[in-house]
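Architecture at a glance
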Amino acid sequence: MEICLLDETLRCPQLFQASCAFGVFDGVHQGHRFLIKQALDSARRRQVPSAILTFDHDPDEEFRPAGFTKLMTNKRRLETLGSMPVDAVVIIPFSQHVQQLPPTEFLDKLFGPATPSEIHVGFDFRYGDHALGDVASMMQWGEAHGMGVEGHGLLELDGAPVTATRIRRALAQGHVEEAARWLGAPYSLEAIVETGRGEGRDFGIRTANLSIPERLLAVGEGVYGCYAIVEGKRYKAAVSVGVTPTFQQLSHANVEAHLLDFEGDLYGKPLILEFIAWLRPMREFQSQEELITTITSNIDWVRENL
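A brief report on the enclosed structure follows. From a predicted model like this one, the values you see are computed outputs, not experimental measurements.

Let us look at the overall build of the protein. Secondary structure assignment for the protein yields 10 helices and 14 strands. Projected onto the principal axes, the alpha-carbon positions of the protein cover approximately 75 × 35 × 35 Å. Across the 306 residues in the protein, those meeting the buried criterion constitute 51%. When contacts within the protein are restricted to residue pairs at least 6 apart in sequence, those whose partners lie at least 24 apart make up 73%. Counting 28 positive and 41 negative side-chain charges, the protein places the centres of these two groups 4 Å from one another.

Taken as a whole, helix α8 (residues 176–183) has its buried residues at Val 176, Ala 179, Ala 180, Trp 182 and Leu 183. Viewed along the axis of α8, the buried residues span an arc of 165 degrees, placing them on a single side of the element. Of the surrounding secondary structure, the elements contacted by the buried residues of α8 are α1 (30–46), β7 (156–157), α7 (164–172), β11 (222–230) and β14 (270–280). Gly 184, located one to two residues past α8, shows a positive phi value of around 90 degrees.

What follows is about the environment of Leu 71. Mapping Leu 71 onto the fold places it in the loop between α2 (60–63) and α3 (74–82). The buried category is assigned to Leu 71, whose relative accessible area is 5%. In this structure, the C-alpha to C-alpha distance between Leu 71 and Ser 188, residues 117 residues apart in sequence, is 8.5 Å. Once you skip the residues sitting within four places of it in the chain, Leu 71 turns out to touch Asp 26, Gly 27, Ala 164, Ile 167, Arg 168, Leu 171, Leu 183, Tyr 187 and Ala 218.

Before going further, it helps to examine the side chain of Asp 26. Note on placement: Asp 26 falls in the loop between β2 (19–22) and α1. On the accessibility criterion, Asp 26 (3% relative accessible area) is buried. Side-chain polar atoms of Asp 26 contact the side chain of Arg 168, separated by 2.8 Å. Those residues in contact with Asp 26, other than ones at most four positions away along the chain, are His 32, Asp 58, Thr 69, Lys 70, Leu 71, Met 72, Arg 77, Ala 164 and Arg 168.

The pairing of strands in a sheet comes from backbone hydrogen bonds and takes either a parallel or an antiparallel form. Across the sheet, 6 strands lie side by side as β9-β14-β11-β12-β13-β10; this open sheet has antiparallel pairing. Strand pairing shows two members of the sheet lacking a second neighbour, β9 (188–192) and β10 (208–210), which therefore form its edges. Averaged over all neighbouring strand pairs, the angle between strand axes comes to 35 degrees, with direction disregarded. Relative to β14, β11 runs antiparallel, the two being bridged by 7 bridges. Bridging from a neighbouring strand, Gly 225 pairs with Ala 277 of β14. Contacts from helix α10 (residues 288–305) reach β11, β12 (233–241), β13 (255–259) and β14 within the one sheet, and its direction differs from that of β14 by about 100 degrees.

On to unusual backbone geometry. Positive phi outside glycine occurs at Gln 47, with the angle close to 60 degrees. Phi at Asp 158 takes a positive value of approximately 55 degrees, unusual for a residue other than glycine. Looking at where Asp 158 falls in the secondary structure, it is placed in the loop between β7 and β8 (160–161).

With that settled, consider the nonpolar core. Residues Val 239, Val 255, Leu 259, Leu 271, Leu 273 and Phe 275 are the most contacted members of the largest nonpolar core, which totals 36 residues. Of all the elements in the fold, those that place two or more residues in this core are α7, α8, β9, β10, β11, β12, β13 and β14. One finds Leu 15, Val 90, Ile 119 and Met 138 within the second-largest nonpolar core, a separate group that totals 30 residues.

All right, on to the pairing of strand β6 (residues 148–152) then. Along a regular strand, successive side chains alternate from one face of the sheet to the other. Across 5 bridges, the pairing between strand β5 (residues 118–122) and β6 is parallel. Bridging across to β6, Glu 118 finds its partner in Gly 148. Once the chain exits β5 it traverses helix α6 (residues 135–145) before rejoining the sheet at β6, and the crossover so formed is right-handed.

Moving on, we come to the packing of helix α5 (residues 103–111) against α6. The geometry of α5 relative to α6 is characterised by a closest axis approach of 11 Å and an angle of 45 degrees between their N-to-C directions. Comparing the axis directions of α5 and α6 gives the class oblique. In the crossing of α5 with α6, the sense of the turn from one axis to the other is right-handed. On α6, the residues that touch Thr 104, Leu 107, Asp 108 and Phe 111 of α5 are Met 138, Trp 141 and His 145.

Cut-off values and rules
Residues numbered from 1 in each chain as written. Predicted model: local features only at pLDDT ≥ 70, side-chain atom pairs only at ≥ 80, totals over all residues. Heavy atoms only, no water. Helix = DSSP H or I, 4+ residues; strand = E, 2+ residues; numbered from the N terminus. Buried < 20%, exposed > 50% of the residue type's maximum accessible area, 1.4 Å probe, protein only. Contact = heavy atoms within 4.5 Å. Lys, Arg positive; Asp, Glu negative; His and termini not counted. Charge placed at Lys NZ, Arg CZ, Asp CG, Glu CD. Arc of directions from axis to C-beta. Polar contact = N/O pair within 3.5 Å; in protein donor to acceptor, adjacent residues only side chain to side chain. Pairing = 2+ DSSP bridges. Axes fitted to C-alpha atoms, helices over the stretch in contact; angles between N-to-C directions. Core = buried A, V, L, I, M, F, W, Y, C linked by side-chain atoms within 4.5 Å. Right-handed = clockwise from strand over helix to strand, strands pointing away. Parallel < 35°, antiparallel > 145°, perpendicular 65-115°, else oblique. Left-handed = near helix turned anticlockwise from the far one by under 90°.

Keep in mind that these numbers describe shape and distance, not what the molecule does.
Here it is in C-alpha cells:
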C-alpha cells in the first residue's frame, strides 16, 4: 500500500484507472468502511487498482471553527485509512488555494492528468469553492472524461443512517456502546499523561491526567468504564471526563484515568483510552470520605464487569 501526499498541483499517477473512495472519513466508521468496500470490491472485479482519496485535514475545521468536534485526530484518521487493504491512500492538501478552486477546475487538476476508472462517494458529497460541486456535477464531468461516479446511500444500523454527526451526538450523551457499534470499535482518545493535582495519590487512588483539546473530546462529561493501553499493554480503567466540581478551581486536566493493577510511572507517556461503558454523571461531593467511597465503588464495578 502506498501513501501519496499531493502538492498543490494535485497530480497523482496512482489514481490512473483506479477505483476510488473519496471522502473526509472522520472516525472511519461503519458507513465509511461500507463506502470504501464498494470501491475495493469494484477494483477487484474489474482488476484495476484501488485507492482512498481524502484531505489532509477536515474542511469543517476551516468552515466550522466554533463548536466543531472531531471523532479522531487527522493523524489517526490517516493512519487508520492507511491500514485499509487498498493499493493507495491519496491525501489532498486542503490549502486556501485548493479551497478556492471552482468545482470543474478542482476535478480538472485532480483527475485530468490521471483519470480514475470510477469514484465512489456519499450521495450528499460536496466539493470545490463554497462546496458548489455535487454528485450530479461530478457525474457530468465523469461522462466527459470516461470516469464513472457512484453516489451511494448511507449505511443504516439500528434504524438510522450511520453518520459522524449521529456518532458525535451519541457520545456527547454518554452512549458509548451505541457509538462503538456504529464506529466498528470503541471510541478512543490518546494523549500524553501530565502531572495532576495529587489528591488521588494522597488517598490511595492514583490517576493518569490528560488534557484533551475541546475539539477532540467528543464524549460527554461523566465517569466511564474503559480499557487503557500503555506501551502495548491493556488495563481496565475507571475514567472521569470533565472537571469534577469538587476540584474545579484546582485542575487543568479534563480526563483522569485510574488504571487497575498498574504499577509504575505514567508521566510523559502516551495513553490510549477505549470507552466501553457509562457509569454515572459528574457530581459534587460533600466530603472526602464520600468522594473516596464513590470512586472505590466505580473501580469495583470496572473490575467486575469489564
